[in-house]
Structure formats: C-alpha cells, structure tokens
Amino acid sequence: GDTVVDLGSGAGNDCFIARSLSGPEGKVIGLDMTEDMVDKARENARKLGFDNVVFVVGEIEDIPLEDETADVVVSNCVFNLVPDKAVAFYETLRILNKGGHFSISDIVTEGELPDGLKSDAELYAGCVAGAIPLDDYLCIIRNAGFEDIRIQKKKPVTLPDELLSRYLPEAEVQSFQKGNRGLFSVTVFAKKPE
C-alpha cells in the first residue's frame, strides 16, 4: 500500500520489484532524466500490465513531484553521480511523507585515492564518478534534515591488482585490497522526522 519513488529508475526494473512489495494497492513512481529510458520503462510497465507504476522525466536535484508524495524512496548508484548532492537529498526529504524513509545504495570512498585511480576505476567498475568520502556523504544526509541514519550494508568494491599497481606501490596494493581505504558500496537508510 505504500507509495514508492525510485530515483534514477532507468528501464524500471527496481520499480517492478518495489511494485511486488507495495502490491496493487500501492503506487510506484520512477524518475529518470532521459526521455528514452522513461519511454522504455513505460513500455515495460505496459507489457507487464502494471497500471500503478508510472514514470516521469526529471532530475534528482529538481524532482517534479509534490511535497510529501512518497512513503519510501529508493535509488541504486545514482546520488554519487549527482553534482549537487545536498540539493538532491533535500529534494528527497521534501517528497517524503513525515516518518517516511529512504534506502539508497551508492558508491563512496574512504581514505585518499590517487586521482588517476578514481578515473580508471570509473572505467572498470562504472558508477564511481562523483563518489565522495563516506563521512561527507552521511553529513550531507544529516544536514538535509534526515534522522535515524544507518548504514545497512558496506562492502569494498574490488579492483584488480593490475589496475591498482598503476597508481600504488606494490606494498600498498595489498593494504588497499584489505579494505582500509578505497571504494565502497554502501546501502544507507534514513527517515524524515515525524
């Protein structure tokens, strides 16, 4: 019965999963910045016969939805790509109902990364551009007005030794692979105050 918004919905796959959880009484809204992806998602929803899943064109820094539209906001590896993360999280807060929550998967950094490594990692793993330190990421969420901020999952993004050895001395490659610093995939939960 919840209204779920997926930010960066692409062809709609996560929206269709959300629909299976919110049921026919719920509503799912997918937002993507490209007309082509929204058209594809709409076609996919039509083929599946889902009349309670809709897709809109828009940007996360200026979400074209009314205040307090959603019970839940989800997103998968999109916020790190947004230039103004503070505005994006404020917009997320704005569209959530009081007491609503988000669960967002994203890529963050910990420790210093050589500049070249960050751009090569983008080519290797995708979804890395714009990744910021985890502490800064959580601070932006807190400053937007969210509470009960929790890291639900955190795991290192494994990069091949050959890639790392281009930018790090051999002794540091093993330290990097053990997860002391580098790129991390995180899932973060937070609530809008009641």
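We now examine the overall build of the protein. When its secondary structure is counted, the protein shows seven helices and seven strands. Seen in sequence order, the protein has helices and strands lined up from the N terminus as β-α-β-α-β-β-α-β-α-α-β-α-α-β. The C-alpha atoms of the protein give a radius of gyration of 18 Å, which matches the 16 Å a tight globule of 194 residues would have. Per-residue burial for the protein yields a buried fraction of 45% across its 194 residues. Split by element, the accessible area of the protein, about 9800 Å² in all, is 49% carbon and sulfur.

Glancing now at unusual backbone geometry. Most peptide bonds take the trans form, and the phi angle of most residues other than glycine is negative. One non-glycine residue, Glu68, adopts positive backbone phi at about 50°. Assignment of secondary structure puts Glu68 in the loop between β3 (53-57) and β4 (70-76). For Asp148, which is not glycine, the phi torsion reads 50° and is therefore positive. Within the secondary structure, Asp148 sits in strand β6 (residues 147-156). Overall, the relative accessible area of 37% leaves Asp148 in the partly exposed class.

Tallied over the full model, the rule gives six aromatic pairs. When the centroid spacing of 4.4 Å and the interplanar angle of 25° are considered together, the rings of Phe79 and Phe89 count as stacked. Residue Phe79 is located in the loop between β4 and α3 (85-95), and its partner Phe89 is located in helix α3; the two are separated by ten residues in the primary sequence. A residue is classified by how much of its surface remains accessible, and Phe79, at 0% relative accessible area, is buried. We classify Phe89 as buried; its relative accessible area is 0%. On the basis of an interplanar angle of 80° and a centroid distance of 4.9 Å, the ring pair of Phe102 and Phe146 is categorised as edge-to-face. Here Phe102, found in strand β5 (residues 96-110), pairs with Phe146, found in the loop between α5 (134-144) and β6; they are 44 residues apart in sequence, far enough to count as distant. Overall, Phe146 belongs to the buried group, its relative accessible area being 5%. Each residue in the set Phe79, Phe89, Phe102, Tyr137 and Phe146 is aromatic and connected to the rest through ring pairs, giving one cluster. The side chain of Lys154 reaches across the aromatic face of Phe184, ending 4.8 Å from its centre.

This part takes up the sheet that holds β4. Pairing in this open sheet of seven strands is mixed, and the strands run β3-β2-β1-β4-β5-β7-β6 from one edge to the other. Because the sheet does not close on itself, it has two edges, and the strands there are β3 and β6. The sheet shows a mean angle of 20° between the axes of neighbouring strands, taken without regard to direction. Against the sheet, α3 contacts β1 (3-7), β4 and β5, and its axis sits at roughly 155° relative to β5. Strands in contact with α5 are β5, β6 and β7 (182-191); relative to β5, the strand with the most contacts, it is inclined by about 165°.

Another point: helix α1 (residues 13-22). Of the positions making up α1, those classed as buried are Cys15, Phe16, Ala18, Arg19 and Ser22. Viewed along the axis of α1, the buried residues span an arc of 160°, placing them on a single side of the element. Those residues of α1 that are exposed and angled more than 90 degrees off the buried face are Asn13, Ile17, Ser20 and Leu21. In this structure, the buried side of α1 is in contact with β1, β2 (27-32), α2 (35-48) and β3.

Reading the values: rules and limits
- Residues numbered from 1 in each chain as written.
- Predicted model: local features only at pLDDT ≥ 70, side-chain atom pairs only at ≥ 80, totals over all residues.
- Heavy atoms only, no water.
- Helix = DSSP H or I, 4+ residues; strand = E, 2+ residues; numbered from the N terminus.
- Rg over C-alpha atoms; globule rule 2.2 N^0.38 Å.
- Buried < 20%, exposed > 50% of the residue type's maximum accessible area, 1.4 Å probe, protein only.
- Areas by Shrake-Rupley, 256 points an atom, 1.4 Å probe, with all protein chains shown as cover.
- Phe/Tyr/Trp six-rings, centres within 6.5 Å; stacked < 30°, edge-to-face > 60°.
- Lys NZ or Arg CZ within 6 Å of the ring centre and 35° of its normal.
- Pairing = 2+ DSSP bridges.
- Axes fitted to C-alpha atoms, helices over the stretch in contact; angles between N-to-C directions.
- Contact = heavy atoms within 4.5 Å.
- Arc of directions from axis to C-beta.

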